[in-house]
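Residue-level listing of the chains:
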Amino acid sequence: MEANIDANKYAKELEVGVRVVQLVCCLCQKVQKGSIGPNPDQVISKDDDSPVTVADWSVQATVSWMLSELFGRENVSIVAEEDTLTLSDANATSLLASVVATVNESLAMAPRFGLKSPATPLGASEVLDAISRCNSTGGPVGRHWVLDPVDGTLGFVRGDQYAVALALIENGQVMIGVLGCPNYSSKKKLVNNSSVSKLSSDLWQEGCVMYTRKGSGQAWMQPLVHSDGILEWPNSASIIRVSSIDNPAMATFCEPVERANSNHSYTAGLAYSLGLRKQPLRVYSMVKYAAIARGDAEIYMKFAKAGYKEKIWDHAAGVVIVEEAGGVVTDAGGRPLDFSRGVYLEGVDRGIVACSGVNLHDKIVGAVYASWDSSHL
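Residues numbered from 1 in each chain as written. Predicted model: local features only at pLDDT ≥ 70, side-chain atom pairs only at ≥ 80, totals over all residues. Heavy atoms only, no water.

Along the backbone of the protein there are 9 helices and 14 strands. Whereas a compact globule of 377 residues would reach a radius of gyration of roughly 21 Å, the protein reaches 20 Å, a difference of no more than 12%. In terms of overall dimensions, the protein has a C-alpha envelope of 60 × 45 × 40 Å along the principal axes. In the protein, buried positions account for 60% of the 377 residues. Considering only intrachain contacts with a sequence separation of at least 6, the fraction spanning at least 24 residues in the protein is 73%. Taken as a whole, the protein presents about 15100 Å² of accessible surface, with 50% of it coming from carbon and sulfur. (Helix = DSSP H or I, 4+ residues; strand = E, 2+ residues; numbered from the N terminus. Rg over C-alpha atoms; globule rule 2.2 N^0.38 Å. Buried < 20%, exposed > 50% of the residue type's maximum accessible area, 1.4 Å probe, protein only. Contact = heavy atoms within 4.5 Å. Areas by Shrake-Rupley, 256 points an atom, 1.4 Å probe, with all protein chains shown as cover.)

Turning next to the sheet that holds strand β10 (residues 253–255). Strand order in this open sheet of 5 strands is β11-β10-β12-β14-β13, and the pairing throughout is mixed. At either end of the open sheet lies a strand with only one pairing partner, and these are β11 (281–282) and β13 (328–331). For β10 and strand β12 (residues 299–302), the ladder comprises 2 bridges, and the chain directions are parallel. Looking at β12, one finds that F253 is bridged to I299. On top of the sheet, helix α9 (residues 358–371) reaches β12, β13 and β14 (352–355); it is set at about 155° to β14, its chief contact. (Pairing = 2+ DSSP bridges. Axes fitted to C-alpha atoms, helices over the stretch in contact; angles between N-to-C directions.)

Pairing is mixed across the open sheet formed by 7 strands, whose spatial order is β3-β4-β5-β6-β7-β8-β9. Each edge of the sheet is formed by a strand with only one pairing partner; in this case those strands are β3 (78–80) and β9 (238–240). The mean angle between the axes of side-by-side strands here comes to 20°, regardless of whether they run parallel or antiparallel. Here strand β8 (residues 219–223) runs beside β9; their pairing, made up of 3 bridges, is antiparallel. Within β9, the residue paired with A219 across the bridge is I240. Packed on one face of the sheet, helix α1 (residues 11–33) meets β4 (143–151), β5 (163–170), β6 (173–181), β7 (208–213) and β8 and runs near 30° to β6. With respect to the sheet, helix α8 (residues 316–324) is in contact with β5, β6, β7, β8 and β9, its orientation differing from that of β6 by roughly 100°.

In structure tokens form, the structure reads like this:
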């Protein structure tokens, strides 16, 4: 354990983070099943053509409200993905009503997760206020919660992998990471074509939450709380560790599903030159980091197209969980990711590489240096 990090310093924040993520994972599953909110399946396109759903806004509002209640509104700074522009539109009344209903149904479940419900249901203005409070831009000073309410919205919409990601950054360092993976079984491995192609009833007994505190040298996983279950802290959490495989021929590597922000042809060439023989696992969301952390895969590579800027909420929670589980995460030049420079991961060298161990990591970074100039990226 790092001597300069007090083991108890973030105990409350970590416990609250896990309880809140468990709660909103339950919300997401109910939205997917259509059992919460009057109109749960609306999918809206944002200005950048990425999708947003009732679940995205509802999770953000719920997490924001909870953190403000538990730590004091004046003490809470949240960097998060969604804003209220679409919801505030005069034509969005039914959409807003869906979000308000979903948030209130979620908050009503809070006692099952050891959290307190509001005395009376939140009104539309309070829900919009909770969402819009998440307008921090982070930075090198102070304490900032970083939230991706539904990471991998396309995966969520398609009944595939997605994640709820919450991290706490203090003075530019990620100190806590909590990753809720509702469709990633705490018992079964992630395998190729891991798509949850049909939302069968037994799937709702699946899912997990992974979490860690920087400097602990450990990461934990607990199953999701289901139906009328009650969360007990730490709820029979098990320690997770990265895989010990360091032979490229036996290694499994993950990459994003979407071609829009990941260069599949470059990673294919890199995989071939490294002797990676398995087909890549194409996985939505930060579940890729979860797969590395618990030993289902050894490598995650992402090389975005020119001009794409990585956002901190897409990586913060996953990076610290992989690192504390024994893995290595850097940019493709071998440098640590810098979470201290605002909403974006500024200065990323070519791409992001996460590995279960140093040997594989060094081989990949070396292969990037050897191949980059000829790849015309």
